[in-house]
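If you want the building blocks of each chain, they are given just below.
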Amino acid sequence: MKAGIVVFPGINRERDMAIALELASGHKPRMIWHKETDIAGLDLIVIPGGFSYGDYLRCGAMAAQSPVMAAVRAHAARGGHVLGVCNGFQILTETGLLPGALLRNAGLRFLSMDCHLRVERADTDYTRHYQAGQVFRAPLAHGDGNYFADDDTLDRLEGEGLVIFRYATPEGAITREANLNGSARNIAGIAAPNLRVLGLMPHPEDLVDPLMGGTDGKPLFDGLVAALAA
Amino acid sequence: MTKAVVTVMLKQGVLDPQGKAIGHALHGLGFEGVGEVRMGKRIELELAEADPAKARALAEDMARKLLANTVIESFKVEVA
């Protein structure tokens, strides 16, 4: 699997992501500066977390206009894999690669804590090493993670099975208490119709080694490597 | 040169927790007659376009492409 990580000014989780990708694939991912436009030959493009452009105007709004994102859009249109985590998810919605938007957390507080995610389907390249219904722990750290879309869009996402992760209790119940940031229908992660573009707010890359306190996130990367090993 | 002001607000029906918090704070200060509070952004643009109608159309294009996210926000353009 050849992976690249897009780096914008203000991004700060690209190294965590690189560790997770290298651990799973055995290869160092390519770091792609936001002014680059040639990303040919890569299987997976990751937009990592952080605070691109200081979250000016809206989270992800500036990054969505940068030169590299035209190349990422073309990569997605070719059927390439794109993973956006946290700010990366915000950037994918601002770019229009995923529907909806991420609003300020309903409680207005910046949240930095662990959450539990329920895997809604295991037949994607991102979730094939999990079981459907399985719950795993993932750290989250964001001020704007409250997923919003109009009811028609939410119904379509659910109807087409494009909700991939939901905030849940450790037992897998979808409750209001488990929905830390107030997201519509507890949505933590969604995919594009081809299931190759995925965005989620929590950080599976930060639980991939026992030294980090757990390996709950590692199956996501192992599954990707298995799917994209050519 | 024309000056355009773009006002961006969260759409009705989109939760505005900042507006709510401001409302709570105003109540705390004793301003009891305050109902719903909503917060938005004001963006002032200096445009080289001299024709007011064309300047408005330009600012609206900018709002749709960048200044507002029309999934969650509505905007209003005023040209001075």
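Trainee: Break down the overall build of chain A for me, citing the residues and quoting the values.
Mentor: Counting its secondary structure elements, chain A contains five helices and eleven strands. A globule of 230 residues ought to have a C-alpha radius of gyration of about 17 Å, and chain A, at 16 Å, matches this closely. Reported as C-alpha extents along the three principal axes, the dimensions of chain A are approximately 45 × 35 × 35 Å. The buried share among the 230 residues of chain A stands at 58%. For chain A, long-range pairs separated by at least 24 residues make up 73% of all intrachain contacts whose partners lie at least 6 apart in sequence. Each charge sign in chain A was given a centre, from 21 positive and 26 negative side chains, and these centres are 3 Å apart.

Trainee: Talk me through the nonpolar core; I want residue IDs and the actual numbers.
Mentor: Grouped together as the largest cluster of nonpolar side chains are 69 residues, with contacts concentrated most on L44, V72, L83 and F165 of chain A. With residues up to four places along the chain from it excluded, the contact list for L83 of chain A reads L44, I45, V46, I47, L92, Y126, L198, L200, L220 and F221 of chain A. The next biggest cluster of nonpolar side chains, apart from the first, holds twelve residues, and it includes A59, A63, A68 and V77 of chain B.

Trainee: Outline the interface of chain A and chain B, listing residues and values.
Mentor: In this assembly, 14 residues from chain A lie in contact with 17 residues from chain B. Linking chain A to chain B there are one salt bridge. A salt bridge links E73 of chain B to R58 of chain A, with the shortest nitrogen-to-oxygen separation between them at 3.7 Å. Summed over the shared surface of chain A and chain B, the result is four residue pairs in polar contact (both at pLDDT 80 or more). Those elements that provide at least two residues to the side of chain A that touches chain B are strand 5 (101–103) and strand 8 (146–148) of chain A. Here the side of chain A that touches chain B is built from residues that sort into seven nonpolar, four polar and three charged.

Trainee: Tell me about the side chain of H75 of chain A, residues and numbers included.
Mentor: Mapped onto the elements of the fold, H75 of chain A is located in helix 2 (residues 67–77). In contact with H75 of chain A, other than residues within four places in its own chain, are I39, L42, D43, I45, G80, H81 and V82 of chain A.

Conventions used here
- Residues numbered from 1 in each chain as written.
- Chains lettered and ligands numbered in written order.
- Predicted model: local features only at pLDDT ≥ 70, side-chain atom pairs only at ≥ 80, totals over all residues.
- Heavy atoms only, no water.
- Helix = DSSP H or I, 4+ residues; strand = E, 2+ residues; numbered from the N terminus.
- Rg over C-alpha atoms; globule rule 2.2 N^0.38 Å.
- Buried < 20%, exposed > 50% of the residue type's maximum accessible area, 1.4 Å probe, protein only.
- Contact = heavy atoms within 4.5 Å.
- Lys, Arg positive; Asp, Glu negative; His and termini not counted.
- Charge placed at Lys NZ, Arg CZ, Asp CG, Glu CD.
- Core = buried A, V, L, I, M, F, W, Y, C linked by side-chain atoms within 4.5 Å.
- Salt bridge = Lys/Arg side-chain N within 4 Å of Asp/Glu carboxyl O.
- Polar contact = N/O pair within 3.5 Å; in protein donor to acceptor, adjacent residues only side chain to side chain.
- Nonpolar A, V, L, I, M, F, W, Y, C, P; charged D, E, K, R; others polar.

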